[in-house]
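Architecture and fold: a report
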Amino acid sequence: MSKRRLFRWPARRTAALGALALLVTSVFSWLLCGGDSYGVQPLVEINPVHEQLSEFTSAYNNATNEIGLVLAATRSEDLTWLLDYCRAHGTIPFIYTTDLEPAPHLLIPRTIRGREAAAYLSFIVDFYDRLPKYTIFIHSNYDQWHNDLFGPHTGPALRNLRLEAVDAQGYVNLRCEHDPGCPTSVHPWSPTQIDIENDDIRAFFPQVYQTLLNVPAKKVPEHIGNVCCGQFAVSRDRILERPWSDYERMLRWADETELTDSFGVGWVYEKIWHIIFGMEVIYCPRYEQCRCDTYGWCGPLASGETLQAVRAKPGSILGSSQS
């Protein structure tokens, strides 16, 4: 039998069914991926938890809502824990989508480069004139290795946070453990040869520092140290100590820099959030005093010492621990 005889056209019915299946598959692919180019909106799965959280965000009023939680999330992330927390504690979530195709019901950042850094800065730029009294910047996953005092869950840390410490200090890191980050973690003027050869962002840190903080080279420190990483609370007054243009410039750098990728952008900000919000370039408070100030866990210590938690100055707006 010749090879020519091996090929046969399908029967009419089979061909018709195959064509129909191909048509149906093509239509679904078109709707899901590119239908909007023909005037038909693609089908996008709605996350019901995100939808409910957006109702809290829509109801935000800075005259009555004192606490905002800012975070970045993708469309697939389960934020049930956050919904439960907001219901129980009356806080307002500001959730920024980091998907290339913006997730429904989430806020849209000015850029997604840097992930949570983009969300944090977008929030400040978007709400600069109507910030809540306290803004808590957190990661979206309920379990975080950054959480060090009450286990990995974020909820217990939020519930025990002393807002009076935020009043008194302006900026409070939710973590107290020094490792990693303290006593120093960045040496702007002393990059390694490997950093230089690989064009690592560390090799350009002085330039980046000058751009982000709008300072001359002589203001770039020799060493930077801070309690890791990207979960902290900031008072409205402290955020407003910088003009809106500062945050807009920082956000624009995240979007436009060619010195590093999205991961590198996030890394840079994790090293300088404390400086952006007015703390010393080496910010490594004593572990025991940190947990006393931040969470009211003041002792007695093994040495018999009992610490005193920081108090807000007279005349400031006092916060109380969340319950």
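For the structure, see preceding data.
My aim in this report is to walk through the structure given alongside it, one point at a time. (Residues numbered from 1 in each chain as written. Predicted model: local features only at pLDDT ≥ 70, side-chain atom pairs only at ≥ 80, totals over all residues. Heavy atoms only, no water.)

Side chains Tyr134 and Ile136 of strand 3 (residues 134–137) all project onto a buried face; the interleaved residues Thr135 and Phe137 project onto the opposite face, where all are buried too. The pairing of strand 1 (residues 67–73) with strand 3 spans 4 bridges and is parallel. Across the sheet, residue Ile67 finds its bridge partner in strand 3, namely Tyr134. Where strand 3 lies against strand 6 (residues 232–235), 4 bridges are found, and the strand directions are antiparallel. Bridge pairing in strand 6 links Ile136 to Ala233. (Buried < 20%, exposed > 50% of the residue type's maximum accessible area, 1.4 Å probe, protein only. Helix = DSSP H or I, 4+ residues; strand = E, 2+ residues; numbered from the N terminus. Pairing = 2+ DSSP bridges.)

This part takes up the state of the cysteines. This structure, assessed with the given rule, holds 4 disulfides. Residue Cys182 pairs covalently with Cys284 via a disulfide, S to S 2.1 Å. Here the disulfide of Cys182 and Cys284 is left-handed, its torsion about the S-S bond being about -100 degrees. Of this pair, Cys182 sits in the loop between strand 4 (171–173) and helix 8 (193–197) while Cys284 sits in the loop between strand 7 (282–283) and helix 13 (287–295), and the two are 102 residues apart along the sequence. In this structure Cys284 comes out as partly exposed when scored by relative accessible area, which is 23%. A sulfur-sulfur separation of 1.2 Å characterises the disulfide bridge that pairs Cys228 with Cys229. Overall, the relative accessible area of 11% leaves Cys228 in the buried class. What connects to what in the chain, once the bonded cysteines are numbered by sequence position, is 1-6, 2-5, 3-4, 7-8. (Disulfide = S-S within 2.5 Å.)

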